[in-house]
Amino acid sequence: MKKCQQCGTEVLHQEQHQDAKSKASLEILHCHHCGLIQQAHIPTEDELKIYYSHHYRTDYKSVYQPKIKYVRRAGLAALDRVHFLEKHLGKIHGQQLIDIGAGGGEFVYMAHSHGFAARGIEPNQGYSEFARQVYDMRIDTATIDALEAQSADVITMFHVLEHMPKPDAVMRKVFESLKPGGYFFVEVPNILQQDASPHNIYFKAHLYYFSEYSLRAIAEPYFEVQALESHGNLKMLFKKREAVQNFTAPSPATIELQKKVLSQKGWLSYLTVGGGWKKPLRRVSQYRAEAQIKDMSPKVLLDQLRFAKP
């Protein structure tokens, strides 16, 4: 019997799902002790390093470097994330920020423009090279292993943790890499969100599927929760603890609540509660905006987004 990658329990519920991209079968496990949802077959770290440095971006974006429409989408998300940090941190000027999984560098550029001393780490060669050339930002072609002890005031990780083979090891590495009192800002897909299409939930590249309960449990030995947004994607801001604590699983009542919410997800809740019926209209607006930026340079586009009125 397979064990939970987080807590080691063997009490796992198994389900079969489809990869939203390839439609290949995926074996998904639900841990009844800590609530973590995970793939049954986790690749090795060496396999993942090869995949993310060479193949992931072309598999999921079909390009080796970002198209201008992806720059716009990433820029809008980056601006939202910077505003989240401004709201909850207060002072940011000169703070040392490292973005793990920096992609094309849009967030690093936005964070730098708002006062952070920002840099990034990105394993994909094409995207990290693009970020250095286009934005003149420091984006190292490297993995999280390159982080040095107590080297940052703020570490950010957006849609990266679900790809990592050992979430607890990531938490420990970030804990060690933050200065005392430092902050860790994480964003992941929210397995409980209602606005995700039932056909667009499970992916081969997503090794883990977090709720606010399972993510909190994994992080709390190392960090205290400072802020949380759970509508749509899951955003959590953590503050570094003075010392590492023992892992504590969510309560049985919380696990039952998570199971109940998951059981209620489907097309009806997606279209009504999740507002899925509005998505075609939003896509039309998005495509129109993207049609107007075909010849714009990425840096000019980000500056335009940054100074646009809300």
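Now for a description of the structure that goes with this document. (Residues numbered from 1 in each chain as written. Predicted model: local features only at pLDDT ≥ 70, side-chain atom pairs only at ≥ 80, totals over all residues. Heavy atoms only, no water.)

### Points about the overall build of the protein
Filter applied, for reference: Segments assigned H or I by DSSP are reported as helices when at least four residues long, segments assigned E as strands when at least two residues long, and all are numbered from the N terminus. Using C-alpha atoms as the atom set, the radius of gyration is obtained and then compared with a globule rule of 2.2 Å times the number of residues to the power 0.38. Burial classes follow relative accessibility: with a 1.4 Å probe on protein chains only, a residue under 20% of its type's maximum area counts as buried, one over 50% as exposed, and anything between as partly exposed. Here, residues are in contact when the closest pair of their heavy atoms is within 4.5 Å. With residues, only the protein chains shown are counted as cover, and all accessible areas are computed by Shrake-Rupley using a 1.4 Å probe.
Of regular secondary structure, the protein possesses 11 helices and 11 strands. In summary, the protein has a C-alpha radius of gyration of 19 Å against a globular reference of 19 Å for 310 residues, a match within 12%. Taken over 310 residues, the protein has a buried fraction of 50%. In the protein, 67% of the contacts between residues at least 6 apart in sequence involve partners at least 24 apart. Summing over all exposed atoms, the protein offers an accessible surface of approximately 15300 Å²; the carbon and sulfur share of this is 50%.

### Description of the layout of surface pockets
Quick reminder of the rule: A pocket here means an open set of points on a 1 Å grid, computed over the protein atoms alone, that has protein on both sides within 12 Å along at least five of seven lines. A cavity is instead a set of points where a 1.4 Å probe fits but cannot get out; residues with an atom within 4 Å of a point line either one. Grid points are joined across faces, edges and corners, and a volume is the space filled by probe spheres set on the points.
Its volume calculated, the second largest pocket comes out at about 350 Å³. Those elements that place two or more of their residues in the lining of the second largest pocket are β1 (12-18), β2 (25-31), α8 (252-263) and α9 (267-271). The element that contributes the greatest number of residues to the lining of the second largest pocket is α8, accounting for 5 residues.

### A short note on the packing of helix α4 (residues 106-113) against helix α11 (residues 298-307)
The test is simple: Interaxial angles span 0 to 180 degrees and are taken between N-to-C directions of axes, which are lines fitted to C-alpha atoms, for helices over the stretch in contact. Should an angle fall under 35 degrees it is called roughly parallel, over 145 degrees roughly antiparallel, and 65 to 115 degrees roughly perpendicular, with every other angle called oblique. Less than a right angle of anticlockwise turn of the near helix away from the far helix marks a crossing as left-handed, whereas a clockwise turn marks it as right-handed. We call Asp, Glu, Lys and Arg charged. Ala, Val, Leu, Ile, Met, Phe, Trp, Tyr, Cys and Pro are nonpolar, and the rest, Gly among them, are polar.
One can describe the packing of α4 onto α11 by two numbers: an axis separation of 11 Å at closest approach and a directional angle of 50°. By the angle between their axes, α4 is oblique relative to α11. Seen along the crossing, α4 lies across α11 with a hand that is right-handed. Listed contacts from α11 to Glu106, Tyr109, Met110 and Ser113 of α4 are Lys299, Leu302, Asp303, Leu305 and Arg306. For the contact of α4 with α11, the residue count by class is 4 nonpolar, 1 polar and 4 charged.

### Structural notes on the packing of aromatic side chains
Put simply, the rule is: Note on ring pairs: Phe, Tyr and Trp rings are taken, using the six-membered ring of Trp, and paired if centres are within 6.5 Å. Classes follow the plane angle, with under 30 degrees stacked, over 60 edge-to-face and the rest tilted. Sitting over a ring, as applied to charges here, requires NZ of Lys or CZ of Arg to be within 6 Å of the ring centre and within 35 degrees of the ring normal.
Following the criterion strictly, the structure yields 14 aromatic pairs and no others. A ring pair is formed by tyrosine 222 and phenylalanine 223, whose centres lie 6.4 Å apart and whose planes are at 50°; its orientation type is tilted. No difference in accessibility class separates tyrosine 222 from phenylalanine 223, as the two residues are buried. Members of the aromatic cluster, joined through ring pairs, are Phe175, Phe184, Tyr222, Phe223 and Phe238. The ring of phenylalanine 158 carries the charged tip of arginine 81 above its face, separated from the ring centre by 4.4 Å. Above the face of the phenylalanine 175 ring, lysine 240 is positioned so that its terminal group lies 4.7 Å from the ring centre.

### Section: the pairing of strand β11 (residues 234-240)
Here is the rule we go by: What makes two strands pair is DSSP finding at least two bridges between them.
Counting buried residues in β11 gives 6 out of 7 residues, a clear majority hidden from the surface. Sheet topology note: the strand β10 (residues 223-229)/β11 ladder contains 6 bridges and is antiparallel. Each bridged residue has a counterpart across the sheet, and for valine 225 the counterpart in β11 is phenylalanine 238. Linkage of β10 to β11, two consecutive antiparallel strands, is achieved through a turn of 4 residues, within which glycine 232 is found at a positive phi near 70°.

### Considerations on the pattern of salt bridges
Counted only if it meets this: Think of a salt bridge as a Lys or Arg side-chain nitrogen and an Asp or Glu carboxyl oxygen that are within 4 Å of each other.
Applying the stated rule across the entire model yields 11 salt bridges. In this structure, the salt-bridge partner of lysine 235 is aspartate 80, at a minimum N-O distance of 3.3 Å. Pair noted here: lysine 235 is in strand β11 and aspartate 80 is in helix α3 (residues 68-89), with a separation of 155 residues, a long-range link. On the accessibility criterion, aspartate 80 (41% relative accessible area) is partly exposed. A salt bridge links aspartate 140 to arginine 119; its shortest N-O distance comes to 3.9 Å. Highlighted residues: aspartate 140 in strand β6 (residues 139-140) and arginine 119 in strand β5 (residues 117-121), separated in sequence by 21 residues. Judged by its relative accessible area of 26%, aspartate 140 is partly exposed.

### Some thoughts on the sheet that holds β2
Ordered in space as β1-β2-β3-β9, the 4 strands form an open sheet in which the pairing is antiparallel. What marks the edges here is a single partner per strand, and that holds for β1 and β9 (208-209). Of the strand pairs in this sheet, strand β3 (residues 37-39) and β9 are connected by 2 bridges, and their pairing is antiparallel. Across the sheet, residue isoleucine 37 finds its bridge partner in β9, namely tyrosine 209.

### A few points about the sheet that holds strand β4 (residues 96-100)
Strands pair in a sheet through their backbones, by hydrogen bonds, and they do so in one of two ways: parallel or antiparallel. Ordered in space as β6-β5-β4-β7-β8-β11-β10, the 7 strands form an open sheet in which the pairing is mixed. The sheet is open, and its two edges are formed by β6 and β10, each paired on a single side. Where β5 lies against β6, 2 bridges are found, and the strand directions are parallel. Considered in β6, the bridge of glycine 120 is made with isoleucine 139. Packing against the sheet, helix α6 (residues 167-177) makes contact with β4, β7 (152-158), β8 (178-188), β10 and β11, and its axis sits at approximately 140° to β8.

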